[in-house]
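Chain by chain, the residues:
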Amino acid sequence: MNLSFSTKAGTLAALQGVLKKARIAPLRVYTVAQWQADRSVCLSGIADSLGAGPWIVRSSCGREDGATQSNAGAFLSIPDVQAAGLEAAVEQVIAAYGEAEPTDEVLIQPMLTQVLRSGVAFSHDPNTCAPYRVVNWSEGSDTAAVTGGMEGRVWQQAANSDVPPVPTLVPIVVLLDELLTLFGSVPLDCEFAVTREAGDEVLWLLQARPLVLSGAPESEAVQAARLESIQRKVSRGMQPHPFLMGRRTVYGVMPDWNPAEIVGIRPKPLALTLYRELITDAIWAYQRHNYGYRNLRSFPLMPHFFGLPYIDVRLSFNSFIPADLDEGLAGRLVDHYIDRLLAEPTLHDKVEFEIVFSCYTLDLPQRLECLAEAGFSKHEREAIAHSLRKLTNRIVHPKEGLWRGDAAKVDTLNARREELLASSADPLERIYWLLEDAKRYGTLPFAGLARAGFVAVQMLKSLVAVGVFSQADYDAFIGGVSTVSGQLARDRATLDKATFLARYGHLRPGTYDILSPRYDEAPELYFDWSQRPPAPEPVKPFALTLPQMREIVNLLEAHGLQPDPVGLFDFMQAGIELRELAKFHFTRNLSDALALITEVGGQYGFSREDLAYCDIAAFKELHVAATDPKDVLLRSIEQGKARYAETLKISLPPLIAKPEDVWAFEWPETAPNFITQKQVTAPVVDCDARDRLAGSIVCIPNADPGFDWLFAYPIAGLITAWGGANSHMAIRAGEIGLPAVIGAGEVLYRCWSGAQRLHLDCAGRRVEVLA
């Protein structure tokens, strides 16, 4: 017969003598009624049954660990209690119940000693409701580190995974399986600790409770079938390819045209297919080839695994190889890049800065020295430098630089858009041509200008590396660049609402997301129009000193780079400015197309929420075919909804290095934990601003249960600097459906908590700063 969950103490008592895979410390339990009737009886014999102390006095309230609400961390536990303080500790625990029921309990156990590690383990992932075993643990003696908000480490594996966890976690996963068997497969989570005893490690169960999920748990068989499909796809992609350099590949969410940042980890079908259509299926490769890199046309850069988009890193690395580089050398270089990424996976969002050599810079010869350690000869390093110099000169040439032609295409884009919108073309025709023009005259030149912008920044950094610039010079140059973002801030301070929205109204935080309102669709959501912000400081133009000018002349000549200092600095400024300007203009086409998609869908009874699940191919089909529009859209939407339901059930690592990684992996320590799969846009406040908490995203330093009072306010979201996936605040946020980012890390927390308004996309695992 299966066991049933009761109170914290009741569940532990029921498991004593039954549980085989872990120990349960001795316990004494009494109810509030018993304590109030005669506390001396309750306290008698404690030392005999539990040892001389210290002890831990724990809550065991009827309002925690329930089937519909855990109230994790809502009540008090007091560790390291000595005999003299025991009575006061029990009183404190009972007082924390508020209006205590006579049947509420208090639990006393001996404190564990020589604790090696501790944490929390889930039988199911609360975000996906899928049967992933999730272990959040920390090394060290503090058994409250993880539940109290310290980030710790996180291991995640599918229920039927054959991939073993790290050896220290094997007993914990086995314990989860035993508890599932004992409680009849009811989803659960448990707290555990591991101690050292006579040279051996001993696993202790500290707590077990039902896991409150937002939906029905998925079956292990369904999960396994889906992951087997992903594993087969990854295995195929890892094989050698006749038209590609490199023995194998890696898949990542951040390299190159990083989907994690641009569309999120779990974009809905319309956003995913638009991003593929406009950039990652073909445009990306055309641009690279145009700029002198290898020809990768017809290779889609971004495969997806049941809707989770990844970059094929081998393909990306191939596309950064100069077209004229020797085939054998090119192949070894791609393999070196992949080996380097596998050795330092934390660089997956920095591959162009830290791993790949994609352009010539003033410090390139020094940077190429690292290839000597990997077996590249001096002659081979010189060949790489020669090819990159030739390619870079084509990009930065003062008169014929490739970026100049791309900049001119943006003007064509704007002229054609105005002509199209002024014509009598119907909405479907407009959608088609807005997107076609967005590719030819928008994302293609944008990709080129983004490449020019990257070369500009790399060249600027190299001026610092070779000692011509100080970091202050670098910052001053960047500060003197006039970007769209800077102009927007200046215009917001000077323009009236109508004029401002006419210029910037097409912008939306989620560029590809139809559910993200444009500025002109929801102006009050983004700006406080009751007052004008102060005007930003005017841009200070950067000026070179005469010694710097002379030094740069000599360097450019020595390195065989074509521009003079004035031409180089014109290029660097234009590269940085035009990258953002090109995006500003091509996103107007995209944003207008999304508005028209909303209009056409509305004619056939489909909402924005419905259309977010539609494949953009359905609208292309409606443009070219005589067919039933409602039927075409309905089939695409229904298929998209079915697929996206599967997307939400999958968890994959940010970097897939081998096929087995789809079954089990450790989350990178720097990756924040996103709770729920909701989205919210709201102002940001510190937790001390109590008069502004309602409707705001609240920032707190850690996921400590002491912040539980926040849930009494109608807050819109939560961000913590520190905290694990299974901390108390993560559990509570998941239960009440509050979008939350737990454990952002110091750098991201500083950025996000300093913002005025944020967009949290928990399903997509991304945060956007709006103001």
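From a predicted model like this one, the values you see are computed outputs, not experimental measurements.

Draft legend 1. Examining the sheet that holds strand β7 (residues 153-158) more closely. The sheet built from six strands is open, its strands ordered β9-β8-β5-β6-β7-β15 with antiparallel pairing. Each end of this open sheet is capped by a strand with a single partner; those strands are β9 (200-210) and β15 (664-667). Sheet twist, expressed as the average angle between the axes of neighbouring strands with direction ignored, equals 20°. Pairing of β7 with β15 involves four bridges; the strand directions are antiparallel. Counted as the bridge partner of Gln156 is Phe665 from β15. This element, helix α6 (residues 170-182), spans β5 (115-122), β6 (132-139), β7, β8 (188-197) and β9 of the sheet and lies at about 135° to β8.

Draft legend 2. Representation of helix α18 (residues 427-465). In a regular helix each residue adds 1.5 Å, so 39 residues correspond to 57 Å; α18 covers 53 Å between its end C-alpha atoms and thus fits that length. The sharpest bend along α18 reaches about 45° and sits at Ala438. Burial of α18 is extensive: 31 of the 39 residues sit out of reach of the surface. Backbone nitrogen of Leu428 and a side-chain oxygen of the N-cap are separated by 3.0 Å at the start of α18; the cap is Asp426. Note on α18: the residue one or two positions beyond its end, Gly467, has a positive phi of about 90°.

Draft legend 3. Broad picture of the packing of aromatic side chains. If you walk through the whole model with that rule in mind, you get 24 aromatic pairs. Seen from their ring centres, Phe75 and Tyr97 are 5.5 Å apart, and the 90° between their planes marks the pair as edge-to-face. Of this pair, Phe75 sits in the loop between β2 (55-60) and β3 (78-81) while Tyr97 sits in the loop between α5 (86-95) and β4 (105-110); the two residues are 22 residues apart in sequence, bridging distant segments of the chain. Grouping residues by exposure puts Phe75 and Tyr97 together as buried. Taken together, the ring pairs in this structure connect Phe469, Phe477, Phe542 and Phe569 into an aromatic cluster. Taking the ring centre of Tyr286 as reference, the NZ or CZ of Arg297 above it sits at 3.9 Å. Above the face of the Phe376 ring, Arg332 is positioned so that its terminal group lies 4.4 Å from the ring centre.

Draft legend 4. Local environment of the pairing of β8. For β8, a buried count of eight out of ten residues is recorded, marking the element as mostly surrounded by other parts of the structure. Across seven bridges, the pairing between β5 and β8 is antiparallel. The partner of Phe122 across the bridge, within β8, is Asp189. In textbook terms, the turn of a hairpin is the stretch between consecutive antiparallel strands, and for β8 and β9 this stretch comprises two residues, one of which, Ala198, has a positive phi near 55°.

Draft legend 5. Fine view of the nonpolar core. Trp284, Phe317, Leu463, Tyr512, Phe571, Met572 and Phe619 are the most contacted members of the largest nonpolar core, which totals 114 residues. Here the element with the most residues in this core is α18; it accounts for 17 residues. Counting residues in hydrophobic clusters, the runner-up holds 30 residues, among them Phe5, Leu12, Ala22 and Leu188.

Draft legend 6. Highlighting the side chain of Arg492. Tracing the sequence through the fold places Arg492 in helix α20 (residues 484-494). Once you skip the residues sitting within four places of it in the chain, Arg492 turns out to touch Phe500, Phe527, Asp528, Trp529, Gln531, Arg532 and Pro533.

Draft legend 7. Spatial organisation of the environment of Arg766. Mapped onto the fold, Arg766 is located in strand β22 (residues 766-769). On a C-alpha basis, the gap between Arg766 and Val741 in space is 9.2 Å, while along the polypeptide they are 25 residues apart. Engagement of the side chain of Arg766 in a polar contact is seen with the side chain of Glu768, the distance being 3.2 Å.

Draft legend 8. Region of interest: empty space enclosed by the protein. Per the counting criterion, the structure on display carries three cavities of 30 Å³ or more. When its volume is computed, the largest cavity comes out at roughly 110 Å³. Lining the largest cavity we find 15 residues, and of these Pro267, Lys268, Asp513, Gln679 and Arg766 sit closest to its centre. A per-class count over the lining of the largest cavity returns eight nonpolar, two polar and five charged.

Draft legend 9. Broad picture of the side chain of His124. Within the secondary structure, His124 is located in the loop between β5 and β6. Within the local environment of His124, its side chain forms a polar contact with the side chain of Ser123, the two groups lying 2.7 Å apart. In this view, His124 contacts Cys129, Ala130, Pro131, Tyr132, Pro187, Leu211, Leu213 and Pro217; residues no more than four positions away in its chain are not counted.

Draft legend 10. Structural detail: the environment of Ala502. The residue Ala502 is located in helix α21 (residues 497-504) in this model. Judged by its relative accessible area of 60%, Ala502 falls in the exposed class. Separated by 152 residues in sequence, Ala502 and Pro654 place their C-alpha atoms 39 Å apart.

Draft legend 11. The sheet that holds β3, seen in detail. Strand order in the open sheet formed by four strands is β1-β4-β2-β3, and the pairing between neighbours is antiparallel. Every interior strand has two partners, whereas the edge strands, β1 (28-31) and β3, have only one. The sheet shows a mean angle of 20° between the axes of neighbouring strands, taken without regard to direction. The pairing of β2 with β4 spans six bridges and is classified as antiparallel. Within β4, the residue paired with Ile56 across the bridge is Gln109. Lying on the sheet, helix α1 (residues 8-15) is in contact with β1, β2 and β4; it crosses β4 at an angle near 50°. Against the sheet, α5 contacts β1, β2, β3 and β4, and its axis sits at roughly 20° relative to β2.

Reading the values: rules and limits
- Residues numbered from 1 in each chain as written.
- Predicted model: local features only at pLDDT ≥ 70, side-chain atom pairs only at ≥ 80, totals over all residues.
- Heavy atoms only, no water.
- Pairing = 2+ DSSP bridges.
- Helix = DSSP H or I, 4+ residues; strand = E, 2+ residues; numbered from the N terminus.
- Axes fitted to C-alpha atoms, helices over the stretch in contact; angles between N-to-C directions.
- Contact = heavy atoms within 4.5 Å.
- Expected span 1.5 Å × (residues − 1).
- Bend = angle between axes of the 7 residues up to and from the residue.
- Buried < 20%, exposed > 50% of the residue type's maximum accessible area, 1.4 Å probe, protein only.
- Polar contact = N/O pair within 3.5 Å; in protein donor to acceptor, adjacent residues only side chain to side chain.
- Phe/Tyr/Trp six-rings, centres within 6.5 Å; stacked < 30°, edge-to-face > 60°.
- Lys NZ or Arg CZ within 6 Å of the ring centre and 35° of its normal.
- Core = buried A, V, L, I, M, F, W, Y, C linked by side-chain atoms within 4.5 Å.
- 1 Å grid on protein atoms, 1.4 Å probe; cavity = no way out; pocket = protein on both sides within 12 Å on 5 of 7 lines; lining within 4 Å.
- Points joined across faces, edges and corners; volume = space filled by probe spheres on them.
- Nonpolar A, V, L, I, M, F, W, Y, C, P; charged D, E, K, R; others polar.

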